[in-house]
Amino acid sequence: MTELLPLMSYCFVMSATPGPNNVMLATTGANFGYRGALPVILGIQVGIFVQTMLMCVGLGSVFVAYTMAQQVLRITGALYLMFLAWKLAGASVAGTSAPKAVSFTQAGLFQALNPKSWLKAITMASVFMPSQSNMLANALLVSVIGTLVGMPCNTMWALFGVSIRSMLKAPRNQRIFNLVMGAILLLLAVMFLR
């Protein structure tokens, strides 16, 4: 049981701190409410679950052996975050054609380009996965714990967005919010490039 506490603590820190997923969730919650954010929460969790399982059953060793693969992923992910920042900063405000919420599938697939999700999955596989016993059962255990800890953290970010929704009724406030969230994504992208 004592081995689970460090894993759960790591999952909490990685899931609760600002990152591309949480910026997306706060923005979705603010613009579309909790019902609009729920498919994003579920998509993120399914994407990270699959990613963690893949890392735990052996794909993680590819990233360790081929550091160029890590570089390509990091750069591609950062460029995609810059694209999302640009799209978010230019999002329409109330009264005009509103942007669509991110879908379950888009949120799940986004994990393939999210550097923070890759870092979380690789670390969970290399540091926290038990080496003894059944590899598949251990991979499942690590992935399920990541999901059980990540789901409430993601929900918290979506609810934060919902809680500020009333302040964003004015088009000017929504525009400022979208610009700030876009700037945060841009900052995250730059940090991933360092």
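The rules behind each value
- Residues numbered from 1 in each chain as written.
- Predicted model: local features only at pLDDT ≥ 70, side-chain atom pairs only at ≥ 80, totals over all residues.
- Heavy atoms only, no water.
- Helix = DSSP H or I, 4+ residues; strand = E, 2+ residues; numbered from the N terminus.
- Buried < 20%, exposed > 50% of the residue type's maximum accessible area, 1.4 Å probe, protein only.
- Contact = heavy atoms within 4.5 Å.
- Axes fitted to C-alpha atoms, helices over the stretch in contact; angles between N-to-C directions.
- Parallel < 35°, antiparallel > 145°, perpendicular 65-115°, else oblique.
- Nonpolar A, V, L, I, M, F, W, Y, C, P; charged D, E, K, R; others polar.
- Left-handed = near helix turned anticlockwise from the far one by under 90°.
- pLDDT = per-residue confidence, 0-100.
- Core = buried A, V, L, I, M, F, W, Y, C linked by side-chain atoms within 4.5 Å.
- Phe/Tyr/Trp six-rings, centres within 6.5 Å; stacked < 30°, edge-to-face > 60°.

## A look at the overall build of the chain
Along the backbone of the chain there are seven helices and zero strands. A burial count over the chain gives 45% of its 194 residues as buried. Within the chain, residue pairs in contact and separated by at least 24 positions form 83% of the contacts whose partners lie at least 6 positions apart.

## Here we look at the side chain of S15
Of note, S15 is situated in helix α1 (residues 4-16). A residue is classified by how much of its surface remains accessible, and S15, at 5% relative accessible area, is buried. Apart from residues no more than four positions distant in its own chain, S15 is found in contact with N22, K120, G150, C153, N154 and W157.

## Topic: the packing of α1 against helix α5 (residues 115-128)
At a minimum axis distance of 11 Å, the contact between α1 and α5 shows a crossing angle of 175°. The orientation of α1 with respect to α5, classified from their angle, is roughly antiparallel. Packed against α1, whose contacting residues are P6, L7, Y10, C11, M14 and S15, the element α5 presents K116, L119, K120, T123, M124 and F128 at the interface. Broken down by class, the residue content of the contact of α1 with α5 amounts to eight nonpolar, two polar and two charged.

## Overview of the environment of G77
Inspection of the secondary structure assignment puts G77 in helix α3 (residues 67-89). In the structure, G77 is positioned 35 residues away from A112 in sequence and 8.2 Å away in space, judged by C-alpha atoms. The residues contacting G77, other than those within four sequence positions of it, are L113 and P115.

## Details of the packing of α1 against helix α6 (residues 135-163)
Direction vectors running N to C along α1 and α6 enclose 35°, while the axes themselves pass 9 Å from each other. The handedness of the crossing between α1 and α6 is right-handed. Contacts between α1 and α6 involve L4, L7, M8, C11, F12, S15 and A16 from the first element and V142, I145, G146, V149, G150, C153, N154, M156 and W157 from the second.

## Overview of the confidence of the model for the chain
Caution is warranted with low-pLDDT regions, since their predicted coordinates should not be read in detail. Looking at the chain as a whole, the pLDDT averages 84, with 89% of positions reaching at least 70. In the model of the chain, α3 stands out as the element of lowest mean pLDDT, 75, in contrast to α6, which has the highest, 94.

## A word on the nonpolar core
In a soluble, globular protein the nonpolar side chains are often hidden away together inside. L25, V40, I44, F177, M181 and L185 are the most contacted members of the largest nonpolar core, which totals 25 residues. Elements represented by at least two residues in this core include exactly α2 (20-65), α3, α4 (104-110), α6 and α7 (171-193). Of the residues forming this core, the biggest block, ten residues, is contributed by α2. Counting 18 residues, the second-largest nonpolar core is a separate cluster that includes L7, M53, A125 and V142.

## Concerning the packing of aromatic side chains
Taken as a whole, this structure holds two aromatic pairs when the rule is applied. For the pair Y10 and F128, a centre-to-centre distance of 5.3 Å together with 35° between the ring planes defines the contact as tilted. Highlighted residues: Y10 in helix α1 and F128 in helix α5, separated in sequence by 118 residues. For the ring pair W157 and F160, a centre distance of 6.2 Å and an interplane angle of 80° mean the geometry is edge-to-face. Taken as a pair, W157 and F160 lie in helix α6 at a separation of three residues, close to a single helical turn. Judged by relative accessible area, which is 16%, W157 ranks as buried. A residue is classified by how much of its surface remains accessible, and F160, at 39% relative accessible area, is partly exposed.

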